[in-house]
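Secondary and tertiary structure notes
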Amino acid sequence: MKVKVNEVFHSIQGEGARIGRPCLFIRLTGCPLRCSYCDTAYAFYDGTLRELDDLLAETRQRLGPPRKGPNAPFVELTGGEPLAHPQAPELLRALLDLGYEVALETAGSHDLAAVPREVIKIVDRKTPGSGEVHRWLETNLDHMVPGQDELKFVLCDPADYEWARDWCAERQVWDRLEVLFSPVWGSLDPAWLAERIVADDLPVRLQVQLHKVIWGAEKKGV
Ligand SMILES: C[S@@+](CC[C@H](N)C(=O)[O-])C[C@H]1O[C@@H](n2cnc3c(N)ncnc32)[C@H](O)[C@@H]1O
Ligand SMILES: Nc1nc2[nH]cc(C(=O)O)c2c(=O)[nH]1
Ligand code: SF4
Ligand SMILES: [Mg+2]
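Reading guide: rules and limits
Residues numbered from 1 in each chain as written. Chains lettered and ligands numbered in written order. Predicted model: local features only at pLDDT ≥ 70, side-chain atom pairs only at ≥ 80, totals over all residues. Helix = DSSP H or I, 4+ residues; strand = E, 2+ residues; numbered from the N terminus. Rg over C-alpha atoms; globule rule 2.2 N^0.38 Å. Buried ≥ 20, exposed ≤ 12 C-beta atoms within 10 Å, placed from the backbone. UniProt positions renumbered as here; feature names shortened; annotations may be inferred. Contact = placed C-beta atoms within 7 Å.

Concerning the overall build of the protein
Each helix and strand in the protein was counted, giving 5 helices and 9 strands. Across the protein, helices and strands are ordered from the amino to the carboxyl terminus as β-β-β-α-β-α-β-β-β-α-β-α-β-α. The C-alpha atoms of the protein give a radius of gyration of 17 Å, which matches the 17 Å a tight globule of 222 residues would have. Viewed in the frame of its principal axes, the protein has a C-alpha envelope of about 50 × 35 × 30 Å. Per-residue burial for the protein yields a buried fraction of 36% across its 222 residues.

As structure tokens, this is what we get:
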């Protein structure tokens, strides 16, 4: 089985509840969405077809032997949109079988039913400001594991904040899932977002993209 890979890089996890941990990223090529703010358009077309076994061997070589526990070796599948590849569930299963902690970054536009339950799913509920708000499968909420998976909102402006707050409140998703509010880099002021979260007493986690704080917004492969 082959899959089209844009890049594989070892860095610091810059997003989500596991922010700051060393992580190996496997970025697949291609995405059917076109979010207004996408920082990864370079992955829409370019890539190399790779054998699954070859990708697994590289993962083993770069991550070393698996360990359990809070600082276990960690691999994340991202893109592009990884679930646009029919091979993604098999790749995720194989990464789990190597014994690593495995996360998946996805737009929530593709069915999560075939994704192994143990994969940490970071699901981005696209907002009106992204231009892709309708690319959402509400049934994906049923496949998200409480206490493990994360529901993420990337916010373009104050209107997106209010929309995300009301969407979460209607479903009370914060009672069962980690909810992340992240400003679009260079667009929504993180201080404004922090103050609104506190003022509205929202049980969500504010995050800014740590890799961009460290290396700037333009550096690829971090
Ligand atoms: C590049 S996407 C790949 C995975 C999947 N296609 C998705 O959108 O979730 C990874 C994450 O980066 C976020 N992202 C992309 N561009 C961003 C930007 N300019 N500022 C903040 N987050 C951004 C996306 O919203 C998504 O949560
Ligand atoms: N350092 C770093 N952390 C990340 N977490 C999610 C990323 C992504 O592009 O999906 C990402 C990324 O591109 N770089
Ligand atoms: S879904 Fe993800 S990769 Fe696709 S355009 Fe949006 S942010 Fe970029
Ligand atoms: Mg990124």
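Having put the structure on the table, let's press on.
A word on the UniProt feature "binding site: [4Fe-4S] cluster" (unreviewed entry) in the protein
Here, the residues flagged by UniProt with the feature "binding site: [4Fe-4S] cluster" (unreviewed entry) are Cys31, Cys35 and Cys38. Tracing the sequence through the fold places cysteine 31 in the loop between β2 (22-28) and β3 (48-51). Those residues within four positions of cysteine 31 in sequence are excluded, and the remaining contacts are Phe44, Gly79, Gly80, Glu81 and Ala84. On the secondary structure map, cysteine 38 appears in the loop between β2 and β3.

Topic: the UniProt feature "domain: Radical SAM core" (unreviewed entry) in the protein
Within this structure's numbering, the places UniProt gives as "domain: Radical SAM core" (unreviewed entry) are residues 18-217. Between the first and last C-alpha atoms of residues 18-217 the distance is 20 Å; the span itself is 26% helix and 20% strand.

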